[in-house]
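Each chain is listed here by its residues.
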4 protein chains.
Amino acid sequence: MGESYGRWTLGNDEAVMPYLTSANLACGFHAGDPHIMRKSVALAVQHGVAIGAHPGLPDLMGFGRRALNVSPDELKDYIHYQTGALSAFARTAGATLQHVKPHGIQYTMFERNLDLARACAEAVAELDAKLILMTMADTKFDAAARATGARVAGEGFADRPYTRDKELVWPRVVFTDPERAAEQAVMMARDGKVRTVDGDVVDVNVQTICVHGDTPGVEKIVAAVRKALEQEGILVRPLRDWL
Amino acid sequence: MGESYGRWTLGNDEAVMPYLTSANLACGFHAGDPHIMRKSVALAVQHGVAIGAHPGLPDLMGFGRRALNVSPDELKDYIHYQTGALSAFARTAGATLQHVKPHGIQYTMFERNLDLARACAEAVAELDAKLILMTMADTKFDAAARATGARVAGEGFADRPYTRDKELVWPRVVFTDPERAAEQAVMMARDGKVRTVDGDVVDVNVQTICVHGDTPGVEKIVAAVRKALEQEGILVRPLRDWL
Amino acid sequence: MGESYGRWTLGNDEAVMPYLTSANLACGFHAGDPHIMRKSVALAVQHGVAIGAHPGLPDLMGFGRRALNVSPDELKDYIHYQTGALSAFARTAGATLQHVKPHGIQYTMFERNLDLARACAEAVAELDAKLILMTMADTKFDAAARATGARVAGEGFADRPYTRDKELVWPRVVFTDPERAAEQAVMMARDGKVRTVDGDVVDVNVQTICVHGDTPGVEKIVAAVRKALEQEGILVRPLRDWL
Amino acid sequence: MGESYGRWTLGNDEAVMPYLTSANLACGFHAGDPHIMRKSVALAVQHGVAIGAHPGLPDLMGFGRRALNVSPDELKDYIHYQTGALSAFARTAGATLQHVKPHGIQYTMFERNLDLARACAEAVAELDAKLILMTMADTKFDAAARATGARVAGEGFADRPYTRDKELVWPRVVFTDPERAAEQAVMMARDGKVRTVDGDVVDVNVQTICVHGDTPGVEKIVAAVRKALEQEGILVRPLRDWL
C-alpha cells in the first residue's frame, strides 16, 4: 500500500484498506513519497488497520525489484532510515508501527545471502524488540531471522503460485482471480497448507497472509479473501493482537 | 554536519565534533545518506554532542539552497520524514533528538511566507512537544514559530555577516577567519549584540550559536569560537540542559 | 506524452499518439525514465509523429510543477542534458528532434523572469538552429524567445481556459469535455482567436495546439480536436513541414 | 573526470586535464550533474582532450559501484540516455564524443553476463558506428564487444594491480605512487605486458591507458605517467587519431 508517488497513482488503497488488518506502507525508496506516506497512515488509522513499514531498495526507477549488491550494513541503514521516516507519520497520527516487511527483491536476496537476512532481522530488533518482522514462511530467511531472536511472522501469499520448494514462481505471476486467491488463503490459514503449481499439497507455517496492492482489481481480491476467511470461522486480527 | 553523500566528503566532522554541544545532521534530502547518518550519529554520541535533525528541501543537486515552491503541508511532510529517519539512527545508538534546524534556503522562504514558518514549527511540535526548533534569532520566522507554542531556540551565526536588519548578507558570505567568528560569537553570547556590516551594533536574542560545517578549515573556526566563549567564562552547554 | 515512470503509468499514449502531429516527450527529470523514453520514441516513429523534448525541472516528486529558483545557466544545462538524452533515443530510432517544449511550471517562471525565458531560447538554438522552441503564444516568454532569434512556435491550449490577459486560469483547470476542447482548438486555428473565461473573444497568435496527455479520457479529447480541425478543412501537419 | 556533484567536489580535474588525451566524463547517474558536465566538457575542449561518455548505473548513493541486476535493454537505455545527454554539452561546445567507457561495477557485471557485454557494445554502435567503446583489455567483455563489430579500444589500468588472470585485484586497490603507475603504463604501452601481483609478466593487448580521477594526488600520477611514456618515445595521442 502507499505505493503511489508524486503525480502517479498505483493501487486502489481507499477501496482495499477496509478489508485489511495489517498494511505494509512504502517508505520512499521504491515508492511512496512523504505526502503519500502521511495520507496512507491516516487511511490505515481511520480503518483501524495496523501499520507496517515496507522499506525498499533505493531504486525508484526499478521499483525495488532489481537485486542490488548492498552490504549488510547498508541494508540495515536503509531499513532504519525508511522505518524511522514512516514512524514519524505514525507518531503524528497517534499510532505506532506494528511491523516491518522488506519489499520486492529483498526476499530473494535474503534467500541467497543469509548475512543480509540476519542484518534485516537485526535492523528491526534494534529499532524496537516488539516490532514484528515479516518473512516469507518456511524459507532460509525466516529461519535465519528467527535465529537472531527477532519477533517474526511468516508470510504466505494468497495471490501468487508456489513451487514445490515453497518458493514463489518466477518470473513473477500474480493471481487476478479473487476466488483463487481466497481459496489459497483459506488453505493456508485453516489447514497450514498450500497447493503448489505441480498439484502437490505441502505444509506451510504462515502467520500472516499477503495480497499485493498493485494488482488491478485488488479490492475484489482482498474482499474475497477476507470474506472466505470469515466464512470459515477464522478470526482475522492484526498480528500485534495475538502473535 | 553529516553533509557528505555517497562517495563525496564534505566538511571535517571528526575534527569539528569535539568542539560542539549540538550538531545539526543532514537527513538525506539535501545531503547525508543513511550510511553517513549512522556514522554521524555515532560520532555525536561518542563526543556527548546533542543531536538535531537538519532537514532540507528535496534538491540534492542544489544542496537545498534553491527556493522551491512547496506548500505548508508538503513542508511538514518533508520535516516529518527526515526527522523520523534520523530519529531511528539516534534510537539505535541509544540517543534521542534534541532539536530540529531547517537547512539552507528554508530560513529565507519562511521569512517571506509565514505560513511555511508556522508549518515548520507545527511539524516539530507534532513530533514531540519537547523537541526544540532552531530559528534565526529576531526574525519573523522566530516570532511566528514562538507564537505556535513550539519550543524555540533563536540562532545566531558566528561565521556570517549581518545586515542592519539582522538578516544575513546576501549573496552568501562566510567568515573564514577563526578570530572574527570567535569575536562575533562572544559578542552574541556575552552581550546579546551583533556588529552589522554597516558598523552598527544591534541587539540580538540568541540562544544557540551556529558555525557552518562545510567551510574549509572549519575545525579551526569552531575551536576558536569555543575557546573564546570559555575564556569569557560562558558556560557552553547543549540546549536541552537549560533552555 | 511519455510521462510514465518505472512501475507507474500515466496517460494513454498508445491511444493518443495516432491523433497527433507532434508529441512532447518527457525526458527523465519530471517524468519519463530511459525505458519509457525509448518506447515513446518508437511509438511516435510508428505513427509518423514529430518528436519533441519536454524537459522538466529536476523535481520528480513534484512532477516539475513547483517553481524552483534556478539560474539561467542551470536552466540551460537542464535543457541541454534532457534534450540530448532524448535525441539519443531518436537517433537510434532513425529520427531527429523537431522541437523542445519546456514542461510544467517553467512557462510561469519564464513569464516572471525573462532572463530564464531568454536562457531557454538560447539553450534550444545552441543545440541546433533549426530546432523549434514551443512557447505560450502572445506571452512575454514568446516575445523574449523570438527576440533571441530562436525558431519559435507559439502554442495554444485546446484544453485549458484563458483569462482576458491570455494567461491560463489558475489554479489549474483542464477541460475534460472533448467538444469544448475541439471548439477552442478550431477557433484558435481557423480564426486566430480564443474565448476567455469572461466571455470576451481575443486574438491569439498560435502555431501549434496542445492537449495535455495526463487527463483521463485524453484519447477522446485528441480525437475530437483532430476531427473538428479536419472538418473545418484545416491541414493538420507537423511544425517542421511548414513553420 | 567530472565526478563532482552539486555541492561536492571529487578529484582535481583542472590539474589533471592537461596531461590527458582522452577524458571519461560522468553523465549524471553515478556522478556528474548537468552543470559539472558543461564545465568538464569546456575544460576538455580547452586542453584539446578527446571527450568520452562515462555512463554509470543509476545509483548515486553507491557511486555506481554496486552490481544492479539490470536487463540488457535497460542497460542500453541507460547508455543511450547518458551518452546522449553528454553529447548535447559536447555539441554546444563545438566538440563531438570520441568514445564511451562504462563506469564502475559494469566491467565486472559484463564479465559475468555476456548478454550485458554485447548490449553495451550494441548500444554504442547504434548511436554512431565510429564511436569507440572502451573495454578492459583481454577480457570476455572485450571479446564479446569486438564480436559485435563495434569499434573497440582495450584499456589497461596504470594505477591498479592485476591478477594472473588479467583481472583487477579485488577488493579495490589503487596505486598512489606515481612512479609505480608510470612504470606499469610504460610496460603496457611499450611492451604490451603487465606484471601481476604474483610477479609474473603476462601479455596484455592495450590501446588506451586509464588512471582513476578520484585518487588523492591524481595530478601527480597522470603527470608521471605522461612524462614516462614520452621519455620512452611513445606518441601519446587520442584514440580517434589512430585507432
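Residues numbered from 1 in each chain as written. Chains lettered and ligands numbered in written order. Predicted model: local features only at pLDDT ≥ 70, side-chain atom pairs only at ≥ 80, totals over all residues. Heavy atoms only, no water.

(A) Quick look at the sheet that holds strand β4 (residues 132-136) of chain D. Residue and element names in this part refer to chain D. An order of β1-β2-β3-β4-β5-β8 is seen for the 6 strands of this open sheet, with the pairing classed as parallel. Both edges of this open sheet fall to β1 (22-26) and β8 (208-210), since each of them pairs with a single strand only. Adjacent strand axes in the sheet meet at a mean angle of 35 degrees when their direction is disregarded. Alignment of strand β5 (residues 151-157) against β8, held across 3 bridges, turns out to be parallel. Among the inter-strand pairings, Phe157 is bridged to a residue of β8, identified as Cys210. (Pairing = 2+ DSSP bridges. Helix = DSSP H or I, 4+ residues; strand = E, 2+ residues; numbered from the N terminus. Axes fitted to C-alpha atoms, helices over the stretch in contact; angles between N-to-C directions.)

(B) A look at the sheet that holds strand β4 (residues 132-136) of chain B. All names here are of chain B. Spatial strand order, β1-β2-β3-β4-β5-β8: 6 strands in an open sheet with parallel pairing. Only two strands of the sheet have a single neighbouring strand rather than two, namely β1 (22-26) and β8 (208-210). Within this sheet the neighbouring strands show an average axis-to-axis angle of 35 degrees, counted without direction. Inspection of the sheet shows β4 paired to strand β5 (residues 151-157) by 5 bridges, in the parallel sense. When the sheet's bridge partners are listed, Ile132 is paired in β5 with Arg151. Strand contacts of helix α3 (residues 72-92): β1, β2 (50-54) and β3 (97-100), with the helix running at about 155 degrees to β3, the strand carrying the most contacts. (Contact = heavy atoms within 4.5 Å.)

(C) Expanded view of the interface of chain A and chain D. Facing the 10 residues of chain A at the interface are 10 residues of chain D. Of all residues in chain A, Met61(A), Arg66(A) and Leu68(A) bury the most surface against chain D, accounting for 52% of the area lost on that side. Linking chain A with chain D are 2 salt bridges. In terms of residue class, the side of chain A that touches chain D is built from 6 nonpolar, 1 polar and 3 charged. (Buried area = accessible area lost by both parts, 1.4 Å probe. Salt bridge = Lys/Arg side-chain N within 4 Å of Asp/Glu carboxyl O. Nonpolar A, V, L, I, M, F, W, Y, C, P; charged D, E, K, R; others polar.)

(D) Molecular detail of empty space enclosed by the protein. Throughout the structure, instances matching the rule amount to 4 cavities of 30 Å³ or more. One number sums up the size of the largest cavity: a volume of about 1,300 Å³. Every residue lining the largest cavity is counted, 43 residues in all, and those nearest its centre are Leu60(A), Leu60(B), Leu60(C), Tyr5(D) and Leu60(D). Residue classes in the lining of the largest cavity are distributed as 28 nonpolar, 7 polar and 8 charged. In terms of lining residues, the second largest cavity is bounded by Met1(C), Gly2(C), Glu3(C), Leu10(C), Gly11(C), Asp13(C), Gly213(C) and Asp214(C). Taken together, the residues of the lining of the second largest cavity sort by class into 2 nonpolar, 3 polar and 3 charged. (1 Å grid on protein atoms, 1.4 Å probe; cavity = no way out; pocket = protein on both sides within 12 Å on 5 of 7 lines; lining within 4 Å. Points joined across faces, edges and corners; volume = space filled by probe spheres on them.)

(E) Up close: helix α3 (residues 72-92) of chain A. All names here are of chain A. Its 21 residues place the ends of α3 31 Å apart at the C-alpha level, agreeing with the 30 Å of an ideal helix rising 1.5 Å per residue. In terms of burial, α3 is a largely internal element, 16 of the 21 residues being buried. Positive phi appears at Gly94, one or two residues downstream of α3, with a value of about 80 degrees. (Expected span 1.5 Å × (residues − 1). Buried < 20%, exposed > 50% of the residue type's maximum accessible area, 1.4 Å probe, protein only.)

(F) Looking closely at the pattern of salt bridges. Tallied over the entire structure, the rule returns 68 salt bridges over all chains. With a shortest N-O distance of 2.9 Å, Asp214(C) and Arg7(A) are connected by a salt bridge. Residue Asp214(C) is found in the loop between β8 (208-210) and α8 (218-231), and its partner Arg7(A) is found in the segment before α1 (13-16); the two belong to separate chains. Using a relative accessible area of 10% as the deciding quantity, one classes Asp214(C) as buried. Here Asp191(A) and Arg190(A) are joined by a salt bridge, their closest N and O atoms 2.8 Å apart. One salt-bridge network, held together by shared partners, links Arg7(A), Arg65(C) and Asp214(C).

(G) A look at the environment of Thr135(B). Residue and element names in this part refer to chain B. If you trace the backbone, Thr135 turns up in strand β4. A relative accessible area of 0% places Thr135 in the buried class. Between the C-alpha atom of Thr135 and that of Val225, which follows or precedes it by 90 residues, the distance is 20 Å. Not counting residues within four places of it along the chain, the set of residues in contact with Thr135 comprises Tyr107, Phe141, Asp142, Ala145, Val152, Ala153, Gly154 and Glu155. At 2.5 Å, the side chain of Thr135 forms a polar contact with the side chain of Asp142. (Polar contact = N/O pair within 3.5 Å; in protein donor to acceptor, adjacent residues only side chain to side chain.)

(H) Representation of the relation of the copies chain B and chain A. Under the fitted operation, chain B is carried onto chain A by 0.0 Å of movement along the axis and a turn of 180 degrees, and the coordinates agree to an RMSD of 0.0 Å. Viewed as a symmetry operation, the transformation between the two copies matches a two-fold axis. A share of 100% of interface residues in chain B that are also interface residues in chain A marks the association as one of identical surfaces. (Least-squares fit on C-alpha atoms with pLDDT ≥ 70 in both.)

(I) Here's a closer look at the packing of aromatic side chains. A full pass over the atoms with the stated rule returns 32 aromatic pairs over all chains. On the basis of an interplanar angle of 35 degrees and a centroid distance of 5.7 Å, the ring pair of Trp8(A) and Tyr5(C) is categorised as tilted. Taken as a pair, Trp8(A) in the segment before α1 and Tyr5(C) in the segment before α1 (13-16) lie in two separate chains rather than in one. Residue class for Trp8(A) comes out buried when judged on its relative accessible area of 1%. Judged by centre distance (6.4 Å) and plane angle (70 degrees), the rings of Tyr107(B) and Phe157(B) are edge-to-face. Taken together, the residues span a long stretch of sequence, with Tyr107(B) in helix α4 (residues 106-112) and Phe157(B) in strand β5 at a distance of 50 residues. Relative accessible area serves as the criterion here: at 10%, Tyr107(B) is assigned to the buried category. A cation over a ring is seen here: Arg7(C) above Phe63(A), with NZ or CZ 5.9 Å from the ring centre. (Phe/Tyr/Trp six-rings, centres within 6.5 Å; stacked < 30°, edge-to-face > 60°. Lys NZ or Arg CZ within 6 Å of the ring centre and 35° of its normal.)

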